[in-house]
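Now for the letters of each chain:
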Amino acid sequence: MFNWQDFDVVFQAKPDYSFDNKTVESINKHRREAGELFFDRIWRSIGLTRPSRNNYPPRTNQDLRNIWSKIVQSSAPDEQKLALLFYLLRDCRQLPNADSNFARRTYLPQKYQLLVAGLWELDHAQFARALEHLTDPSLPPTFADDILFTLLQHPKCDRALATAYCVAVSPPLKDPKTLHAYFSRLLCNNIVEAYYFAKRQDHLKHKELFEQLIITIHQEDPSPDHARRAALVVGLPFTSEEDGWFEECLLNGAGSRLPKAKDSVMARRIAMGQFTSDMSSLKRLKGETIDGVNWEYVQTGILGAVPH
């Protein structure tokens, strides 16, 4: 019977094995880039409380033996221990097939092999290869929010992969930072899609994301593209409740000091035909001419159309 708990049995081919300097430096570099590795998350998930960065990557053979022993002696179920040991063996590049042989001899379930292989690829900034494993339909959504956040925030990751992962896996988006980061990605790509995504959330998240949409648009630098996006927002089919949020945000809330906040409120009222006999707010509006039109033209047209 294969005794996977015994380091010397597993490393029988080379019991004095240690990570080379290039591997150690590469792992530390990736940790700096990502902020936290998925190794660190798995480490905590099996009940190990001392910071994993103090143990991984191991620099010497004794360090490697120590980390192996800590994993083996943890209180986690054997399959979780085996998964983290499998991760370590994927780093042992000078031991050909060490990881696959270990998985075969310990009968590590395929779902654990897929998950750990994907997380290992993420930790090594191989994002496309990681998704080949992590989007497998047999996998439960383990670490799904963390995976999506990493794809969205890592400086070397193509953001299109984050969108692909979200479509394929449908992560729960329970972590607020992941939810807002993904929503920011939607806002960059398609305002209408972002708007309807916000509407599908519960009431509190709906309001938070709706306000994020309004504020994001008003924080953009002036440009023809910004003008088109702002006009698109003004014309969205808000509910009466969303109309209230829109005006509250731009007149009294977090967006009230942003450029063109009051202009947007008035533009929305005009677009929706919400005229009043008191046009003083319209008269106070000034601004640049865009495509030959400015607020003075609008003021003249509206005042001429409203009965006195």
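Conventions adopted
Residue positions are counted from 1 within each chain, in the order its sequence is given. Thresholds applied to this predicted model are a pLDDT of at least 70 for local features of residues and 80 or more for the giving and counting of side-chain atom pairs; totals over whole chains, interfaces and linings are not thresholded and use all residues. The side-chain numbers reported here are obtained from all heavy atoms of the structure, hydrogens and water having been left aside. Runs of E in the DSSP output that reach at least two residues are strands. Runs of H or I that reach at least four are helices, and both are numbered from the N terminus. For every residue, the accessible area (1.4 Å probe, protein chains only) is compared with the maximum for its type, and the residue is labelled buried under 20%, exposed over 50%, or partly exposed between those bounds. Two residues qualify as a contact provided that any one of their heavy atoms is within 4.5 Å of a heavy atom in the partner residue. In this description, accessible areas are obtained by the Shrake-Rupley approach with a 1.4 Å probe, and a residue is regarded as covered only by the protein chains that are shown. What counts as a ring pair is set by centres within 6.5 Å for rings of Phe, Tyr and Trp (its six-membered ring), and what kind of pair is set by the plane angle: stacked under 30 degrees, edge-to-face over 60, tilted for all other angles.

### Quick notes on the overall build of the protein chain
In terms of helices and strands, the protein chain carries 18 helices and zero strands. Per-residue burial for the protein chain yields a buried fraction of 44% across its 308 residues. Long-range contacts, defined here as pairs at least 24 residues apart, represent 62% of the contacts in the protein chain between residues at least 6 apart. Carbon and sulfur atoms make up 51% of the accessible area of the protein chain, which totals about 16,400 Å².

### So, the packing of aromatic side chains
Evaluated as defined, the whole model comprises 19 aromatic pairs. Ring geometry for Phe11 against Tyr17: centres 6.1 Å apart, planes inclined by 25 degrees, an arrangement best described as stacked. No difference in accessibility class separates Phe11 from Tyr17, as the two residues are buried. Taking 5.1 Å as the distance between ring centres and 75 degrees as the angle between the ring planes, the aromatic pair formed by Phe210 and Phe238 counts as edge-to-face. Pair noted here: Phe210 is in helix α13 (residues 203–219) and Phe238 is in the loop between α14 (224–234) and α15 (240–251), with a separation of 28 residues, a long-range link. Taken individually, Phe210 and Phe238 each receive the classification buried, so the pair is uniform in this respect. Through a chain of ring-to-ring contacts, three or more aromatic side chains come together here, namely Phe2, Phe7, Phe11, Tyr17, Phe19, Trp68 and Phe102.

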